[in-house]
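# Summary of the model geometry
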Amino acid sequence: MYYRIIRNDMLKSKLITLTTMMFVAVAAMLVSLSAILVVNLSGSINMLMDQAKTPHFMQMHSGDIDAGRLADFAEQNSHVDEFQVLEFLNVDGARIVIDGNSLADSVQDNGFTTQSEKFDYLLDLDGNVITVSDGEIYIPVSYMKDGTGKVGDTISINGKTLTVAGFLRDSQMNSLLASSKRFLVSENDYAAIKGSGSMEYLIEFRLKDLSEIGAFETDYTSAELEANGPTITYPLFKMLNAISDGLMIAVLLLVSTLIVAITFMCIHFTLLAKIEDDYREIGVMKAIGLRVSDLKKIYLVKYAVIAAAGCMLGFALSFVFRDLLLENIRLYMGESEHASFAFLFGIVGILVVFLAIVAYVNNVLKRFRKISAAQAIRLGTSQGKAAGAKHFRLSRNRLLNTNIFLGVKDVLARKSLYATMLAVLIISTFIIIVPQNLYNTISSKSFITYMGIGSSDMRMDIQQTSHISEKAAEIVKAMERDSSISKYAVLTTKTFKAKAADGSEQGIKIELGDHSILPVQYSEGKAPVAEDEIALSTMNADDLGIKVGDVMTLVIEGKEKDFTVCGVYSDVTNGGKTAKAVFSDESADIMWCVIYAKLSDPSLAEAKTSEYADRFHFAKVSHIDEYVAQTFGSTISSVGKASDTSVAVALMITGLVILLFMKMLVAKDSYSIAVMKSVGFTDSDIAMQYVSRSVFVLMAGMILGTLLANTIGEVLAGAVISSFGAASFQFADHPLSMYPLLLMAGTVLIATMLGTWGAGQIKLAANMKE
Amino acid sequence: MMKIISCENIVKSFSAGNEKHPVLGGVSLEINEGEFISIMGPSGSGKTTLMYAVSGMDSIDSGTVLFDGRNLSALSEKELSDIRRTKMGFVFQQPTLLKNLNILDNIILPAMRDNRKNAARTTEKARALMKKAGIGELEKRDITEVSGGQLQRAGICRAVMSQPKIIFGDEPTGALNSTSAQKIMDMLSEINTEGTAVMLVTHDAKVAARTERIMFMCDGKIVSEMRFKKFNGTGMEDRIEAITAKMREIGI
Ligand SMILES: Nc1ncnc2c1ncn2[C@@H]1O[C@H](COP(=O)(O)OP(=O)(O)O)[C@@H](O)[C@H]1O
Ligand SMILES: [Mg+2]
């Protein structure tokens with residue numbers, strides 16, 4: 001009997017049933033996709049890092065190396081399980097020619113290496129350790145993605161020709177955020193090209209216990225071993241691998257949470273409307289002593305059926321999309337170690353959605369108990385008179401057209417009814433604006449200043465070479481004479497010792513130079529100006545446990561010197577651990593030098609970049625836009641994809657909800673419409689009233705949604721962004737972000753018109769007999 | 001005399017399932033300007049359907065309805081609305097006012113649609129009408145805060161705001177006690193003496209006795225008709241007597 005009642009009920013309200021089911025399906029799909037992605041991403045990363053045996057601690061070093069001393073250290077240190085030193089032959093991009101195109105424009109440090117013996121293996125796309133033969137070369141998988149090279153291409157390195165035999169996954173340097181890229185060649189070929197570039201060493205350790213990494217780091221520093229280059233630890237490798245896809249998952253999770261919320265609201269709304277329709281009957285049932293729990297069961301079963309169908313549909317849909325979303329993870333990181341686990345998690349996600357809906361419906365149905373039989377029979381409705389908006393009177397209205405007045409008045413008088421619509425519009429606005437703003441912000445030019453890169457047009461790196469300061473001076477001289485360069489800043493990085501609170505010493509890389517010329521964003525404090533001021537990257541500040549205003553001690557030329565911490569900034573370059581100061585120093589060796597230049601006419605950047613690249617072969621010259629595109633490109637495009645998706649999803653939701661809502665409203669309002677028509681209002685008058693209601697709620701929703709997006713949304717987006725290093729953050733204003741909102745307004749209008757289509761054509765005669 | 005309504009041979013049926021169920025079987029009827037007529041007949045005889053048909057509220061299967069010389073079937077929805085708003089007024093058994101608006105706003109609603117600029121004058125006019133109808137103090141009340149009879153009077157005020165040519169009433173006193181009914185009929189009579197035609201559907205002989213022409217309906221046809229002089233407040237008993245006799249004669 002239940003079956004028949006439920007089936008009839010669903011057939012009677014096909015549109016509502018279908019829409020609710022669709023929402024459940026989309027919610028279930030997103031939740032299960034997020035679950036699958038999270039499991040896959042973490043699984044794939046773990047798998048990759050397990051298979052490759054990623055080092056727990058790595059110190060890059062350029063310059064001479066004392067292998068014996070390192071080996072002794074490794075031997076004696078109790079934390080060390082395995083130790084090795086790998087060579088990395090850094091070759092200028094211009095000397096690497098793949099299929100006729102050189103890598104001169106690449107911002108990556110491209111270099112060559114041989115397969116290691118103990119750990120830190122380079123893997124092929126099947127996850128196996130590659131054995132490379134003479135004459136063959138394996139190139140980073142990211143070069144496959146961007147089409148730089150394909151299997152069978154020839155690569156010439158400073159004249160030596162090799163054939164691309166395949167692609168490699170590098171558990172350290174896969175991510176575009178890692179600035180180096182390793183190419184794999186055979187021992188013999190490596191020996192042949194050894195003279196073509198500068199040598200860098202990767203001093204790598206695997207520890208017995210990963211959790212002792214902090215202690216080991218201190219040991220390494222205090223042993224005063226080779227440290228001329230960035231230090232990177234296992235957790236950072238992991239984070240670098242996770243960022244791009246992690247961000248996509250974060251956005252997906254955000255959207256799915258909102259969709260689940262909207263699904264709940266839809267159910268709430270339709271259920272209450274249904275209860276209201278059945279109000280009198282429910283009252284009569286109570287009055288004659290029938291058990292309301294039976295009726296409740298019918299509703300519950302009905303929604304369980306809808307939820308189950310929606311969840312199954314959503315699960316099926318998630319299969320359609322998961323491959324698309326997993327594509328990147330699979331390419332860079334390979335299959336997950338627990339792919340079947342992911343499947344399970346997908347199902348768990350869907351079960352959670354299902355149970356949540358049933359629990360929710362059950363909760364809403366508690367209202368049944370509160371229905372008073374007497375009131376239900378007498379009034380036939382749960383609503384009393386129209387409360388509120390009493391003082392908004394037609395007789396006093398001089399401003400609005402009467403139809404608009406009636407629309408607005410209706411919204412004000414029945415606020416709780418329109419609350420659902422308002423909430424949906426707020427949420428839609430929110431999920432349109434936040435990802436969009438996030439995208440605009442991280443793709444905007446000024447964003448790099450949040451990431452530790454000064455706002456500039458051109459960047460020149462001088463490293464892995466001798467006489468760095470002379471070379472920098474040469475460039476400076478050229479820039480001085482160059483009228484098209486409006487500003488430049490020379491930042492020289494040197495290593496010093498920092499004294500921690502407990503007296504232990506730790507290496508710290510400090511960029512010396514004038515930091516006020518092309519400043520980065522300081523999340524706290526300001527740039528160093530005085531000789532005894534220092535600014536720290538957030539990672540360093542956290543690590544050293546130092547805040548702005550604190551005093552820290554550096555060891556310079558063997559003497560201790562106190563500095564005041566004047567600012568903290570975010571940095572993703574050079575492993576994230578940097579510092580900035582202005583004092584001059586002749587004692588320490590220069591590790592590298594970066595010159596930023598701002599042009600008086602930014603459109604010349606391209607030309608200037610190649611001009612300087614031609615003139616100064618020893619420097620790596622990059623156009624900042626290109627640098628950013630290559631460093632953050634895949635992250636930006638992931639976020640871009642996610643934001644486009646959320647716009648589409650938001651528009652779809654808005655359209656559907658408004659359509660559904662309007663249909664229900666028209667059905668509810670048939671009496672008022674009939675009255676209105678009997679006194680001579682036309683169909684277009686009625687349509688106008690509904691459009692006014694929509695527009696009124698739409699405007700409120702957009703305003704509130706925008707406010708929320710710029711407050712809570714900014715905080716949320718900030719949390720996402722800080723997960724990859726930028727601490728302080730503000731949305732960049734972007735006029736383009738109005739465009740999706742206009743689309744939304746259009747969608748609302750169209751949905752309103754479709755939903756109220758023919759509202760005026762109701763049978764007057766039938767509806768007047770209330 | 002000018003005819004406000006003149007209809008010829010109206011046929012209308014409703015389909016219930018596959019069956020066609022005739023409700024009006026060829027009704028012809030004319031109403032003069034300023035005339036006060038009523039339709040009587042047993043429940044289900046088609047009185048309401050006829051009223052909807054002659055006022056253009058519902059479509060008909062065949063026949064013609066001329067309102068003020070224009071064929072209603074040939075008019076667009078918009079033109080029909082315009083006519084309803086400017087030349088017709090409706091009063092139903094249950095008052096049909098909007099929940100969202102207070103009494104005054106309900107009364108001025110149709111007028112405000114057309115002429116917002118004259119809101120002040122419109123409101124003045126409505127207040128005057130309400131005062132005359134004895135509901136002058138109720139203008140700010142919600143419609144749930146006044147009695148049925150008062151609502152009905154407010155409905156009539158709304159109907160006469162546009163100075164229509166005719167007012168249609170479908171048992172406007174049907175849900176009221178006799179005192180309230182009396183007041184409604186007084187109002188309608190007064191409106192009629194000012195020149196507006198009134199067409200009432202009723203099964204109450206006391207109501208019909210106030211009108212000057214009574215049509216008797218049975219099974220979708222007009223079976224009989226009787227005329228009186230315009231009611232001037234006297235001879236009520238005789239008129240009621242005559243009507244009940246007539247009803248007995250035709251068996252309703
Ligand atoms: N919308 C409708 N659908 C089907 N039948 C209807 C409809 N409206 C009225 N009827 C039928 O038409 C007949 C006349 O109804 P009506 O004009 O309301 O009668 P009266 O007003 O004289 O009581 C009745 O038998 C009624 O059942
Ligand atoms: Mg009737």
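Computed from a predicted structure; not experimentally measured. (Residues numbered from 1 in each chain as written. Chains lettered and ligands numbered in written order. Predicted model: local features only at pLDDT ≥ 70, side-chain atom pairs only at ≥ 80, totals over all residues. Heavy atoms only, no water.)

### Side note on the overall build of chain B
Across its full length, chain B holds eight helices and ten strands. Taking 18 Å as the expected radius of gyration for a compact globule of 252 residues, we find that chain B reaches 18 Å, a close match to that expectation. Its C-alpha atoms give chain B principal-axis dimensions of about 50 × 45 × 40 Å. Across the 252 residues in chain B, those meeting the buried criterion constitute 54%. Pairs at least 24 apart in sequence give 70% of the contacts found in chain B among residues at least 6 apart. Accessible surface, chain B: about 11,100 Å² in total, of which carbon and sulfur atoms supply 48%. Computed over 34 positive and 31 negative side-chain charges, the separation of the two mean positions in chain B equals 5 Å. (Helix = DSSP H or I, 4+ residues; strand = E, 2+ residues; numbered from the N terminus. Rg over C-alpha atoms; globule rule 2.2 N^0.38 Å. Buried < 20%, exposed > 50% of the residue type's maximum accessible area, 1.4 Å probe, protein only. Contact = heavy atoms within 4.5 Å. Areas by Shrake-Rupley, 256 points an atom, 1.4 Å probe, with all protein chains shown as cover. Lys, Arg positive; Asp, Glu negative; His and termini not counted. Charge placed at Lys NZ, Arg CZ, Asp CG, Glu CD.)

### Digging into the interface of chain B and chain A
Taken together, the contact between chain B and chain A spans 37 residues of the former and 37 residues of the latter. Note on chain B versus chain A: buried area summed over both sides is about 3,100 Å², and carbon and sulfur give 57% of it. Across the contact surface, chain B and chain A share two salt bridges. Across the salt bridge formed by Lys677 of chain A and Glu77 of chain B, the nearest N and O atoms sit 3.0 Å from each other. Here chain B is connected to chain A by eleven residue pairs in polar contact (both at pLDDT 80 or more). The set of elements that each furnish at least two residues to the side of chain B that touches chain A consists of α1 (47-54), α2 (77-87), α3 (103-114) and α4 (119-132) of chain B. By residue number, the principal contributor to the side of chain B that touches chain A is α3 of chain B, which donates seven residues. Class assignment of the residues belonging to the side of chain B that touches chain A gives a composition of 15 nonpolar, eight polar and 14 charged. (Buried area = accessible area lost by both parts, 1.4 Å probe. Salt bridge = Lys/Arg side-chain N within 4 Å of Asp/Glu carboxyl O. Polar contact = N/O pair within 3.5 Å; in protein donor to acceptor, adjacent residues only side chain to side chain. Nonpolar A, V, L, I, M, F, W, Y, C, P; charged D, E, K, R; others polar.)

### Describing helix α2 (residues 14-52) of chain A
Counted at 1.5 Å a residue, the expected span for α2 of chain A with its 39 residues is 57 Å, and the 55 Å between its end C-alpha atoms agrees. Just downstream of α2 of chain A lies Lys53 of chain A, where phi reads positive at about 50°. (Expected span 1.5 Å × (residues − 1).)

### With respect to the sheet that holds strand β2 (residues 19-32) of chain B
Residue and element names in this part refer to chain B. The antiparallel open sheet is built from four strands, whose spatial order is β2-β1-β4-β5. Since the sheet does not close on itself, it has two edges, and those belong to β2 and β5 (70-71), each with one partner. Here five bridges tie strand β1 (residues 3-16) to strand β4 (residues 62-67), and the two strands are oriented antiparallel to one another. By the bridge assignment for β4, Val11 is matched with Ser62. (Pairing = 2+ DSSP bridges.)

### Notes on unusual backbone geometry
Residues and elements named next belong to chain B. Of note, the phi angle at Asp68 is positive, near 55°, even though the residue is not glycine. Locating Asp68 in the fold gives a position in the loop between β4 and β5. Classification of Asp68 by relative accessible area gives partly exposed; the value is 22%. Here Gln163, not a glycine, exhibits a phi torsion of approximately 45°, which is positive. When you line up the elements, Gln163 lands in the loop between α5 (148-160) and β7 (166-170). Classification of Gln163 by relative accessible area gives exposed; the value is 61%.

### Regarding the nonpolar core
In a soluble, globular protein the nonpolar side chains are often hidden away together inside. In terms of nonpolar packing, the biggest core is built from 167 residues, with Phe205, Tyr220 and Ile653 of chain A together with Leu188 of chain B touching the most fellow members. Take this core: its biggest share by element is 21 residues, from helix α18 (residues 624-668) of chain A. Apart from residues lying up to four places away in sequence, Leu188 of chain B is in contact with Phe36, Ile156, Ile167, Pro172, Val198 and Leu200 of chain B. Core analysis: the second largest hydrophobic core is formed by 33 residues, Ile10, Ile39, Met57 and Met217 of chain B among them. (Core = buried A, V, L, I, M, F, W, Y, C linked by side-chain atoms within 4.5 Å.)

### What to know about the confidence of the model for chain B
When pLDDT is averaged along chain B, the result is 91; 100% of the residues meet or exceed 70. ipTM for the predicted complex: 0.89, alongside a pTM of 0.70. (pLDDT = per-residue confidence, 0-100.)

### A word on a positive patch on the surface
All names here are of chain A. On the surface, Lys366, Arg367, Arg369 and Lys370 cluster together into a patch of positive charge. Its place among the elements puts Lys370 in helix α11 (residues 367-370). We classify Lys370 as exposed; its relative accessible area is 69%. (Patch = residues over 30% accessible without salt bridge, like charges linked within 9 Å, V, L, I, M, F, W, Y side chains within 5 Å.)

### Digging into the pattern of salt bridges
All names here are of chain A. Under the criterion given, the structure shown has 44 salt bridges over all chains. With a shortest N-O distance of 3.9 Å, Glu224 and Lys497 are connected by a salt bridge. In this pair, Glu224 sits in the loop between α6 (213-222) and β12 (231-233) while Lys497 sits in strand β14 (residues 485-499), placing the two residues 273 residues apart along the sequence. Classification of Glu224 by relative accessible area gives partly exposed; the value is 47%. Residue classification places Lys497 among the partly exposed residues on the basis of a relative accessible area of 22%.

### So, the pairing of strand β10 (residues 221-227) of chain B
All names here are of chain B. Pairing geometry for strand β9 (residues 213-218) and β10, over six bridges, is antiparallel. Residue pairing across strands places Phe216 opposite Ser224, the latter belonging to β10. In sequence, β9 turns back onto β10 through a hairpin of two residues, with Asp219 there showing a positive phi of about 50°.

### With respect to the confidence of the model for chain A
All names here are of chain A. Averaged over all residues, the pLDDT of chain A is 83; the fraction at 70 or higher stands at 90%. The lowest-confidence element of chain A is helix α12 (residues 373-379), averaging 57 in pLDDT; the highest-confidence one is strand β7 (residues 136-140), averaging 93. Low pLDDT (under 50) marks residues 380-386, which in the prediction has 17 contacts with non-local residues, meaning those over four places away or in another chain.

### Overview of the site of ligand 1
Taken together, twelve residues sit near ligand 1, with Gly44, Gly46, Lys47, Thr48 and Thr49 of chain B positioned nearest. More than one chain approaches ligand 1, the contributing ones being chains A and B. In this structure, an oxygen atom belonging to ligand 1 sits 2.7 Å away from a main-chain N or O atom of Gly44 of chain B. One of the side-chain N or O atoms of Thr49 of chain B is found 2.4 Å from an oxygen atom in ligand 1. For ligand 1, whose free accessible area comes to 560 Å², the fraction covered by protein is 66%. Those elements that provide at least two residues to the shell around ligand 1 are β2 and α1 of chain B. Here the shell around ligand 1 gets three residues from one element, more than from any other, and that element is α1 of chain B. Here the shell around ligand 1 is composed, by residue class, of three nonpolar, seven polar and two charged. (Near = heavy atom within 4 Å.)

### Focus: the side chain of Glu511 of chain A
Structurally, the position occupied by Glu511 of chain A is in strand β15 (residues 505-512). Apart from residues no more than four positions distant in its own chain, Glu511 of chain A is found in contact with Leu491, Thr492, Thr493, Ala579, Lys580 and Ala581 of chain A.

### Remarks on the packing of aromatic side chains
Residue and element names in this part refer to chain A. Across all of its chains, the model carries 26 aromatic pairs over all chains by this definition. For the pair Phe112 and Phe183, a centre-to-centre distance of 5.2 Å together with 40° between the ring planes defines the contact as tilted. Of the two residues, Phe112 is situated in strand β5 (residues 109-113) and Phe183 in strand β10 (residues 180-185); the sequence distance between them amounts to 71 residues. By relative accessible area, Phe112 is classed as buried at 0%. Through successive ring pairs, a cluster of aromatic residues spans Phe57, Phe73, Phe83, Phe205, Phe216 and Tyr220. Looking at Arg615, its charged tip hangs above the ring of Tyr612, at a distance of 5.8 Å from the centre. For Arg693, the ring lying beneath its charged end belongs to Tyr690, and the centroid distance is 4.2 Å. (Phe/Tyr/Trp six-rings, centres within 6.5 Å; stacked < 30°, edge-to-face > 60°. Lys NZ or Arg CZ within 6 Å of the ring centre and 35° of its normal.)

### Things to note about the sheet that holds strand β8 (residues 197-201) of chain B
Residues and elements named next belong to chain B. As summarised here, the arrangement of the six strands in space is β6-β7-β8-β3-β9-β10, forming an open sheet in which the pairing is mixed. Each end of this open sheet is capped by a strand with a single partner; those strands are β6 (88-91) and β10. On average, each strand axis in the sheet is tilted by 15° relative to the strand beside it, whichever way the strands run. The strands touched by α2 are β6 and β7; relative to β6, the strand with the most contacts, the crossing angle is about 75°. Its contacts with the sheet place α5 against β6 and β7, and it is angled at close to 170° to β6. (Axes fitted to C-alpha atoms, helices over the stretch in contact; angles between N-to-C directions.)

### Some points on the packing of helix α14 (residues 415-443) of chain A against helix α21 (residues 738-755) of chain A
All names here are of chain A. Contact geometry for α14 and α21: axes closest at 10 Å, N-to-C directions at 155°. Classified by the interaxial angle, the pair formed by α14 and α21 is roughly antiparallel. Crossing of α14 against α21: the hand is right-handed. For the pair formed by α14 and α21, the contact residues are Leu425, Ser428, Thr429, Ile432, Ile433 and Gln436 on the first element and Pro740, Leu741, Met744 and Val748 on the second. Looking at the contact of α14 with α21 residue by residue, the classes come out as seven nonpolar, three polar and no charged. (Parallel < 35°, antiparallel > 145°, perpendicular 65-115°, else oblique. Left-handed = near helix turned anticlockwise from the far one by under 90°.)

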